[in-house]
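# Structural description and commentary
Below are the chains, spelled out letter by letter.
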Amino acid sequence: MNESNLIRKIKKGDEDAMDILIQSYYPFIYAYVSRKMLMDDCAKDITQEVFLRFLRYLPTYRQEGKLLHYLYRIASNVCKDYYRKMQYHEDISELDYMIEDDTNVHESILNQLKYEELMLWISKLNDIQQDVIILKYFHQLTFKEIADIHHIPVSTVKSRHTQALIKLRKLMKEGGFQHEKI
């Protein structure tokens, strides 16, 4: 079912259409939010809030681009709201290690540690730089798609991408989290 028909049905109160929308887009939004938030428990709550806000603002929704991009924009705003409410601090909760039985345990732990450290470095970027890096590298969106989500020129997205990479490179060279981890 195409997005326009799905939206039209949801606006008419079709709960099955809303279920289809959530099933289709929940994994993408949850993955984005969990990378942005670094905490699984609040990522689920925030992802639910994204869909609740979508429903709340559905009467004013104008389909100008992909629905997924609109949901990413809502998710970005909900994450910012959460951080404002919680007065974001640097405490990072323990992340669960998911180790498959058939994988090398040592390699899995090293990969998980590298991922966690990368996510910590990304969390040091400002909001728009975080969004550009997460959407570009974890969700494989183009610069144009990211620009559409944030309603900014592609050139601005590219410059923020470059700034983010420079800052990440600097953080990695400094090894800013090596001393704080233990």
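Residues numbered from 1 in each chain as written. Predicted model: local features only at pLDDT ≥ 70, side-chain atom pairs only at ≥ 80, totals over all residues. Heavy atoms only, no water.

## Brief notes about the overall build of the protein chain
- On a plain count of helices and strands, the protein chain comes out with nine helices and zero strands.
- Going from N to C terminus, the protein chain has its helices and strands arranged as α-α-α-α-α-α-α-α-α.
- Looking at the protein chain as a whole, 39% of its 182 residues are labelled buried.
- If you take every contact in the protein chain between residues at least 6 apart in sequence, the share linking residues at least 24 apart comes to 64%.
- Accessible surface for the protein chain amounts to roughly 11300 Å². Of this, 52% is attributable to carbon and sulfur atoms. (Helix = DSSP H or I, 4+ residues; strand = E, 2+ residues; numbered from the N terminus. Buried < 20%, exposed > 50% of the residue type's maximum accessible area, 1.4 Å probe, protein only. Contact = heavy atoms within 4.5 Å. Areas by Shrake-Rupley, 256 points an atom, 1.4 Å probe, with all protein chains shown as cover.)

## Focus: the confidence of the model for the protein chain
- Mean pLDDT over the protein chain works out to 79, with 79% of the residues at or above the 70 mark.
- Contacts for the low-pLDDT stretch residues 88-103, under 50 throughout, to residues beyond four places or in other chains number 19 contacts. (pLDDT = per-residue confidence, 0-100.)

## Things to note about the packing of helix 7 (residues 143-150) against helix 8 (residues 154-174)
- Contact geometry for helix 7 and helix 8: axes closest at 8 Å, N-to-C directions at 105 degrees. One way to sum up the angle between helix 7 and helix 8 is to call them roughly perpendicular. Facing Phe143, Lys144, Ile146 and Ala147 of helix 7, the residues of helix 8 in contact are Val154, Val157, Lys158 and His161.
- Class assignment for the residues of the contact of helix 7 with helix 8 results in five nonpolar, one polar and two charged. (Axes fitted to C-alpha atoms, helices over the stretch in contact; angles between N-to-C directions. Parallel < 35°, antiparallel > 145°, perpendicular 65-115°, else oblique. Nonpolar A, V, L, I, M, F, W, Y, C, P; charged D, E, K, R; others polar.)

## Some details on unusual backbone geometry
- Phi is positive for glutamine 140, close to 50 degrees, though the residue is something other than glycine.
- Looking at the secondary structure, you find glutamine 140 in the loop between helix 6 (127-138) and helix 7.
- Positioned with a positive phi, histidine 151 is a non-glycine residue whose angle comes to about 55 degrees.
- In this fold, histidine 151 is placed in the loop between helix 7 and helix 8.

## Some words on the packing of aromatic side chains
- For the structure shown, the criterion picks out six aromatic pairs.
- Ring centres of phenylalanine 54 and tyrosine 61 lie 5.9 Å apart, and the angle between their planes is 70 degrees; this geometry places the pair in the edge-to-face category.
- In this structure phenylalanine 54 comes out as buried when scored by relative accessible area, which is 0%.
- Among the aromatic residues, those joined into a cluster by ring pairs are Tyr26, Tyr30 and Phe51. (Phe/Tyr/Trp six-rings, centres within 6.5 Å; stacked < 30°, edge-to-face > 60°.)

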